[in-house]
Every structure is written in structure tokens, then in C-alpha cells.
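# Structure assessment
So you can see what is in the structure, the chains are spelled out below.
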Amino acid sequence: MMRELNDIYDVVVVGAGPGGCMASYASAKNGAKTLLIEKSQEIGEPVRCAEAIPSIEEFGIEPKPEFVRNIIKGGILFSPSGKKVIVTQDKAQGYVVERKIFDKYLAIRAAKAGSKVVVKTTAIGLEKDGDYWNVIVEFLGEEYCIKTKIVIAADGVESNIAEYAGLKAKKKPLEVCSCAEYEMANVRLLDKNMMEFYFGNEISPGGYVWIFPKGDTANVGLGVRDRKKKAIDYLEDFIENGMAKDRLKEATPIEFKVGGAPVSGPIEKTYTDGVLVVGDAAGQISPLTGGGIYLAMDCGLIAGEVASKAIKMNDWSEKILKEYEDRWKEKHYEYLMNHLKYRKILEKMSDDELDALAEALGESLDGVDLKKFVKRIITKKPSLLKYFKDLL
Amino acid sequence: MVKINYKKCGYCGACVGVCEQLAINLIEHIIEIDTEKCNNCNMCVIVCPLNALEGE
């Protein structure tokens with residue numbers, strides 16, 4: 001057995017995605033005895049993601065060529081009839097990374113800060129044991145019981161750990177965006193540094209289609225929330241018949257990825273006695289774009305800091321751990337709830353209305369804040385005002 | 001009882017995320033459904049991106 005499984009910890013982090021790795025890093029760096037558990041035999045695999053991230057420099061992480069595949073300057077949004085709107089500001093800029101390498105890099109970074117890591121180890125249960133938690137795990141068919149003061153649940157969309165601890169983390173099926181994606185070679189891009197987004201109720205109801213340039217390849221995928229047809233069928237249809245079909249004619253897949261993005265906004269409560277919930281498991285993912293790497297990393301960092309502080313104070317009750325939720329909400333709650341609001345507006349609009357919206361917005365969204373956004377709609381497409389009037 | 005088509009499964013875990021009965025586990029690349037806990041709500045069938053799950 002891995003000797004790491006035969007020990008007692010201050011903090012056990014379940015899930016070695018970006019959120020879990022950052023939580024382990026912060027926890028270990030601040031002196032807590034930390035274990036990071038990953039169920040796959042390889043950290044970073046399987047990839048379930050379009051791999052675009054905004055700036056990571058603020059975490060003190062250098063965008064290294066080993067995992068950065070491309071620099072992104074912005075996005076081109078396409079309305080159902082093909083009207084283009086360009087965005088190049090703020091969060092539209094960033095990188096497309098190789099998640100398999102990036103996640104591994106973050107896990108190594110956590111290990112270098114002092115965290116232990118185990119792989120091919122699945123957490124299958126959680127039991128309260130006095131002031132401690134017993135994390136029941138399975139490794140190569142054997143069960144082990146790991147005693148810890150604090151558990152950080154960073155187990156992604158599956159979010160079983162939070163539920164084991166009595167928190168509500170499960171989602172409704174139409175609040176999870178079902179995604180399918182081919183990473184493809186030979187995609188003819190419009191601009192190798194611009195992401196492409198395609199909207200429409202016919203091509204991807206409840207989500208959108210993306211083409212994210214990734215250096216030698218591009219991630220071509222989509223997310224849908226739909227009862228009738230599956231994500232994979234929408235994707236095959238877009239590649240064959242969609243607006244970019246001429247530029248995808250020579251394209252051929254080199255990887256297939258699927259995933260579920262929980263786009264219902266944050267869960268009700270992200271902490272309890274000795275437990276913190278981070279990343280997709282906590283719903284810390286934009287309900288509008290499905291982007292969650294940055295949020296998971298930042299909230300993971302906060303969780304690791306709060307957990308290690310609680311260990312130092314020798315009190316990991318929910319009264320102390322509440323600081324985690326206070327801090328992440330202070331930074332990100334408004335953003336998440338705004339994106340949820342915008343998503344709910346967009347999904348009410350017909351394809352004709354989406355076209356009208358694109359026309360009203362004009363060619364570029366740069367420098368357009370919410371007030372200017374609504375003003376453009378009032379002057380150019382007053383019929384759409386009913387959707388946006390509540391935003392003012 | 002929901003049937004799993006392992007040949008179609010992409011092991012993304014979306015079905016696990018909507019299972020309020022905690023009946024589904026994704027152990028590495030293999031979905032397991034606990035027949036005792038599954039109440040045939042078919043939520044997992046709706047969310048699957050690949051049609052790998054079939055309801056009753």
C-alpha cells in the first residue's frame with residue numbers, strides 16, 4: 001500500500017483538480033499536515049473541459065510553455081444568423097492550457113509545499129469520529145480509513161463528499177450543462193488568438209458551441225441543457241452542418257472529451273464542522289460561460305488558508321470555518337449571481353431575438369458596461385427591453 | 001433500474017452530479033449504480049452527454 005494511506009492528517013483534500021491542488025498547496029504551505037487524494041491513476045486525466053483560463057499570474061504561477069498551448073486575446077461571438085460581436089477585454093483574455101499537464105503541475109506545486117498526494121485512490125465514504133472525520137478510501141481493491149480534522153471536498157461535478165457530510169450539493173439535470181468536445185487538428189481558424197462562440201436554440205439550447213484555438217489544435221465543443229437530444233449529436237451536427245463547417249472540413253479529432261458543467265450557481269452552504277466545499281462541487285463556476293478553473297483555484301486557495309488557520313487555532317468547528325464562505329462570497333458571489341441572471345435572460349430569447357440583440361450591440365463589446373449595454377438595446381431594439389429592464 | 005452502456009460512457013461524472021440518491025459512483029473509468037439506492041428517477045439519463053444510460 002501507499003504509506004500515505006497509513007497516517008493521520010490535519011487536512012484531507014478530495015480531488016486533485018485545480019481547486020483541490022490549490023487548497024492542498026495553501027494548507028500545506030501554512031503548516032497543516034495535508035493529504036491530496038486523486039481517484040484517477042493519472043492526475044489531470046480524463047480531461048472534461050475546454051481548457052481556457054484567464055490570468056493565473058495573480059496566484060504567483062508563471063504561465064509556463066510546458067502547459068500553456070496558446071495566448072487568447074479575446075472572443076468572437078456569433079448570433080444564430082452569423083452576426084459577429086467581438087470582445088477583447090478582461091476575462092476574455094487568457095490562455096488555453098493542456099489540462100493534463102497543468103493539473104499535474106499544480107499537484108507537484110502542492111507536493112513541493114509539503115502536501116502528500118495519493119493517486120488511484122477513491123474516497124467512497126465519510127464518517128464522523130468525535131471531532132475527526134474518517135475518510136474511507138479504496139486503493140487497489142483494499143479499503144483504508146484515513147483520520148483527519150478537516151476534509152476539503154473538491155470532487156467536482158460529482159460532489160458526493162459534500163453530500164456525505166450532510167450538505168446539499170447535487171444538481172438538477174437541466175442545471176448541468178452536458179458537454180461534448182473534440183480536440184481537432186487542421187481546424188481553419190478565423191484568428192489563432194481568438195476564441196469563437198456560437199449561440200442558438202437550434203445548435204445548442206441552454207449553452208453554446210465553442211472553438212478554442214490551442215496551438216496546433218483547437219477544442220471544438222459544445223454544452224447543452226436539453227431533454228430531447230444529446231450533446232454528442234448536437235456536436236456531430238455542428239461539425240457537419242454548422243456555421244463553421246467549411247473551416248472544419250479538413251479537421252480531424254485527436255482527443256474526445258465529455259463533461260458536465262453545473263451552471264445553477266453556488267450551492268446553499270459550502271462549509272460545516274470540519275468540511276469545506278470547493279470548485280465545481282460548490283457550484284463555483286460561471287453559470288454563463290461555464291468557466292470555472294480560475295474560480296476553483298481562488299476558492300481552493302481560500303479554503304486551504306482557512307483550514308490551516310483553523311488547525312493552528314485548534315478549532316475546526318463550522319463557526320471558525322465559516323470564514324471560508326464569507327471570504328469567497330465577498331470576492332465572487334456577485335459575479336456568479338450576475339452571470340446566473342444573464343444566463344436566465346439569454347435562454348428565454350428566440351433565435352430572432354438573439355440576432356436582434358447582436359445587431360443592437362454592434363461589432364464590439366469593449367468598453368460597454370451594463371448601463372451602456374442596456375442603453376444600446378433601448379435605442380436600437382426596444383422590443384428586447386423587456387428582458388433587460390430589471391438589470392438597471 | 002437504469003442500464004449502463006459501458007461502450008458509450010465517457011466517464012464524465014455528470015450522472016453522479018445529479019443523483020440525489022447517491023446511488024451512482026464513478027470509480028476511475030467505470031460507472032457503478034447501486035441498485036438498492038436507485039429509485040429510477042432517470043435524472044442521470046437526461047444529463048448524460050452520450051446516451052450511455054437507458055431508463056426503464
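Whatever comes next refers back to the structure up there.
Structural notes, computed from the coordinates. Starting from 1, residues in each chain are numbered consecutively following that chain's sequence as written. By the order in which they are written, chains take letters starting at A while ligands take numbers starting at 1. Only residues with pLDDT of at least 70 get local features here, since the model is predicted, and only at 80 or more are side-chain atom pairs given and counted; chain-wide, interface and lining totals rely on the full set of residues. Only hydrogens and water are removed before side-chain values are computed, so all heavy atoms of the structure are retained for them.

## Quick notes on helix α2 (residues 99-112) of chain A
Given 3.6 residues per helical turn, the α-helix brings residues three or four places apart onto the same face. Residue and element names in this part refer to chain A. The test is simple: For the purposes of this entry, the term helix denotes a DSSP run of H or I that reaches at least four residues, the term strand denotes a run of E that reaches at least two, and both are numbered from the N terminus. To estimate the expected span of a helix, subtract one from its residue number and multiply by 1.5 Å. For each residue, the accessible area found with a 1.4 Å probe, counting protein chains only, is set against the maximum for its type, and the residue is called buried under 20%, exposed over 50%, and partly exposed in between. Whether two residues touch is decided by their heavy atoms; if any such pair falls within 4.5 Å, the residues are in contact.
Over its 14 residues, α2 runs 19 Å from end to end, which matches the ideal 20 Å to within 8%, given 1.5 Å per residue. Of the positions making up α2, those classed as buried are R99, F102, D103, Y105, L106, A107, R109 and A110. Where the residues of α2 are buried, they touch α1 (18-29), β3 (52-53), β7 (94-97), β8 (116-118) and α5 (293-313). At the C-terminal side of α2, G114 shows a positive phi close to 115 degrees.

## Let's talk about empty space enclosed by the protein
Residues and elements named next belong to chain B. For clarity, the threshold we go by: Every definition here rests on a 1 Å grid over the protein atoms only: cavities are sets of points where a 1.4 Å probe fits but cannot get out, pockets are open sets enclosed by protein on both sides within 12 Å along at least five of seven lines, and lining residues have some atom within 4 Å of a point. Grid points are joined across faces, edges and corners, and a volume is the space filled by probe spheres set on the points. Under the scheme applied here, ten amino acids are nonpolar (Ala, Val, Leu, Ile, Met, Phe, Trp, Tyr, Cys and Pro), four are charged (Asp, Glu, Lys and Arg), and all others, including Gly, are polar.
Using the criterion set out here, one finds two cavities of 30 Å³ or more in the structure. Forming the walls of the largest cavity are 15 residues, and the residues nearest its centre are C9, G10, C12, C15 and C48. Looking at the lining of the largest cavity, its residues break down into 13 nonpolar, two polar and no charged. Residues belonging to the lining of the second largest cavity are distributed by class as follows: ten nonpolar, four polar and no charged.

## As for the pairing of strand β5 (residues 74-78) of chain A
All names here are of chain A. To keep it simple, the criterion reads: Two strands are said to pair when DSSP picks up at least two bridges between them.
Burial within β5 is extensive, with four of its five residues counted as buried. Strand direction decides the pairing type here: β5 and strand β13 (residues 194-198), joined by five bridges, are parallel. When the bridges of β13 are listed, F78 appears paired with Y198. Here β5 runs beside strand β6 (residues 84-87); their pairing, made up of four bridges, is antiparallel. Opposite L77, over in β6, you have V85 as the bridge partner. Taking the residues that link successive antiparallel strands as the turn, the β5-β6 hairpin has five residues, and the phi of G82 there is positive, at about 105 degrees.

## Observations regarding the interface of chain A and chain B
For clarity, the cut-off: The buried area of a pairing is the accessible area, by a 1.4 Å probe, that goes missing from both parts when the two are put together, added over both. By definition, a salt bridge exists where a carboxyl oxygen of Asp or Glu is found within 4 Å of a side-chain nitrogen of Lys or Arg. Pairs of N or O atoms within 3.5 Å make up the polar contacts considered here, provided that, within protein, one atom can donate a hydrogen while the other can accept it, and that residues adjacent in sequence are counted only when both atoms are side-chain atoms.
The partner chain B presents 25 residues to the 31 residues of chain A that form the contact. Surface buried jointly by chain A and chain B totals about 2,300 Å² across both partners, of which 59% is contributed by carbon and sulfur atoms. The largest share of the area that chain A buries against chain B comes from K170, P173 and K230 of chain A, three residues that together contribute 26% of it. Connecting chain A to chain B are two salt bridges. Close ionic contact of K120 of chain A with E28 of chain B constitutes a salt bridge, the shortest N to O distance being 2.6 Å. Summed over the shared surface of chain A and chain B, the result is 15 residue pairs in polar contact (both at pLDDT 80 or more). Elements that contribute at least two residues to the side of chain A that touches chain B include exactly β9 (121-129), α3 (160-164), β12 (176-185), α4 (231-241) and β16 (252-262) of chain A. For the side of chain A that touches chain B, the element with the highest residue contribution is β16 of chain A, accounting for four residues.

## Brief notes about the side chain of H332 of chain A
Residues and elements named next belong to chain A. The residue H332 is located in helix α6 (residues 318-346) in this model. Separated by 2.7 Å, the side chains of H332 and D298 make a polar contact. Among residues more than four places away in sequence, those in contact with H332 are Y294, L295, D298 and C299.

## Some words on the pattern of salt bridges
Residues and elements named next belong to chain A. Applying the stated criterion to the full structure yields 34 salt bridges over all chains. A salt bridge links K381 to E359, with the nearest nitrogen and oxygen atoms 3.4 Å apart. With K381 in the loop between α8 (370-380) and α9 (385-388) and E359 in helix α7 (residues 351-361), this residue pair connects regions lying 22 residues apart in the sequence. On the accessibility criterion, E359 (44% relative accessible area) is partly exposed.

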